[in-house]
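Fold and geometry: a report
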Amino acid sequence: MDEKKHIAIETEMGRIRGNLTEGCREFLGIPYAKAERFRYAVPIDRFEEELDASSFGNACPQYRQYYPHLDNPERLFYFREFREGLDFHYDEDCLNLNIFAPENAEHCPVMVFIHGGGFNSGANAEEPFRGYELARRGIITVFINYRVGIFGYLTHEEIQKEYGRDGNFGLDDQLAALKWVRNHIADFGGDPENITLAGQSAGAISIQYLCLNHDNEGLFQRVLMMSGAGLFPKFALPKKAEETRSYWLDLMEYAGCRNLEELRNLDLHVLLASAEHMKAEHKDTLYNTMPVVDGYLLKAPVDQIIHQPLDVGYMIGYTNNDMYAPLMAHIGNQFGKDNHAYIYYFDIDAPGDNNGAFHSCDLRYLFGRLRQSWRPYADRDYEVSSQMADYLAAYAENGNPNGSGRPLWQPCENGKAKVLCFRKEGTGMGRPSYLKTGVNMLTKGNPKA
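It should be emphasised that the depicted structure is a prediction, and the values quoted were computed from it without experimental measurement.

A closer look at the nonpolar core
Core analysis: the largest hydrophobic core is formed by 103 residues, its most contacted members being Ile-30, Ile-99, Val-142, Phe-188, Tyr-209 and Phe-220. Among the elements that make up this core, the one with the highest residue count is helix α5 (residues 169–184) (eight residues). In this structure Ile-30 touches Phe-47, Leu-51, Ala-53, Leu-95, Asn-96, Leu-97, Ile-99, Trp-180 and Phe-188, once residues within four positions along its chain are discounted. Judged by nonpolar contacts, the second largest core, of 43 residues, contains Met-226, Tyr-344, Ala-357 and Cys-361.

Structural data, given as structure tokens:
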């Protein structure tokens, strides 16, 4: 890695200091909004003093802060993949984003990326969320933080009375970040009229929800949904906000809080301990700690509006050992057929163990971060990594991933799913084998990332 040098730029928001490294400008931890606990975000559009954006910002408080669960094989697996050796600081003041831009960026296409984590964890500073390779291809990449777990998805009737809507703080944060990027990315050399919204797992599902709200028309021109397109028929169907309130009332009772105001002022460690207790006691935690139908961001039950998404470009991807791999493929292909999407299937087993192309393994390839992994990647892996970055850069530029020097990628058409397969033997259109026999992390409790 090149030695980082400090740089500063003047923006409409004020002076911002970042880094010049690896041939690109990076601005880290830029606050896009402020939000008090269980209140909706208020955008930040002005910095009174020079903003130091030379290091990563805070991550949203989450179970990992006090309960890393590294005795759990699945948690240890993903810790080793994307978090080992990195330092994270957790604070409720966590609504920040990281921008990676070409050194002389001018009217560049923009990609905004939403991390995964099962709506309960994750951060924009994890490996492999670095935009160096895409910057070399003329793309500005923005990685956002948003609230997760109890901070992102608590519901309560007092919130409804106060705001006229309830829950979905995390989904609202994502929308606030998108609006911030559209308003300010030109200061960093980006084109606000050419934004691709990308995400993986819970990030991809979040994108799906954002695409089902036509109030978001014009905020982005196309999307990439990795391991989360089309929604799970049961797992990812959000409840109505009022249907999740009893879960949070149980948490309040356990925490000794009589009302929302007391919960807003509860010690952070006690709050997260209460959430851990609820996770152990309730088998429906996942269904209550994710976006809800609030009549505002999600206006109606998802299964009623899934066939009326925004008219934007769609790209979908999944891996050979994804979560619920056959189901992931089926729903992704169906959504792809309905929306003329570009679909890819990642069928290259990760070297170093027997977990195949595990859920989220394609992230390192896409962002060119194979060398930062412990895995013994080979020449074919690096070739595919370069191909994926080339495809995505072209897609972000004009909605078509194709270009000279790489296999033709055909979109779905005439109601037929067409899939580009990344295989060890080569890249090309083909028929995926959706699940590799004997290589299924689901049997090991594959975590939602």
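From this point, things continue past the structure.
Regarding the state of the cysteines
Under the counting rule described, the total for this entry stands at zero disulfides. For the unlinked cysteine Cys-60, the closest cysteine sulfur is that of Cys-94, found at 4.3 Å. On the basis of relative accessibility, which here comes to 2%, the residue Cys-60 falls in the buried class. No disulfide involves Cys-211; its sulfur sits 16 Å from that of Cys-412, the nearest cysteine.

Notes on the packing of aromatic side chains
What the rule picks out here adds up to 30 aromatic pairs. With a centroid separation of 5.6 Å and an interplanar angle of 50°, the aromatic rings of Tyr-318 and Tyr-345 are classed as tilted. In this pair, Tyr-318 sits in strand β12 (residues 313–319) while Tyr-345 sits in strand β13 (residues 342–347), placing the two residues 27 residues apart along the sequence. Neither residue differs from the other here; Tyr-318 and Tyr-345 are each classed as buried. Members of the aromatic cluster, each reached through a chain of ring pairs, are Tyr-342, Tyr-344, Phe-346, Tyr-365, Tyr-377, Tyr-391, Tyr-395, Trp-409 and Phe-422. When the ring centre of Trp-374 is taken as origin, the NZ or CZ atom of Arg-80, which lies over that ring, is 3.7 Å away. In this structure, Arg-165 is placed above the aromatic ring of Tyr-40, and the distance from its NZ or CZ to the ring centre is 3.8 Å.

Analysis parameters
- Residues numbered from 1 in each chain as written.
- Predicted model: local features only at pLDDT ≥ 70, side-chain atom pairs only at ≥ 80, totals over all residues.
- Heavy atoms only, no water.
- Core = buried A, V, L, I, M, F, W, Y, C linked by side-chain atoms within 4.5 Å.
- Buried < 20%, exposed > 50% of the residue type's maximum accessible area, 1.4 Å probe, protein only.
- Helix = DSSP H or I, 4+ residues; strand = E, 2+ residues; numbered from the N terminus.
- Contact = heavy atoms within 4.5 Å.
- Disulfide = S-S within 2.5 Å.
- Phe/Tyr/Trp six-rings, centres within 6.5 Å; stacked < 30°, edge-to-face > 60°.
- Lys NZ or Arg CZ within 6 Å of the ring centre and 35° of its normal.

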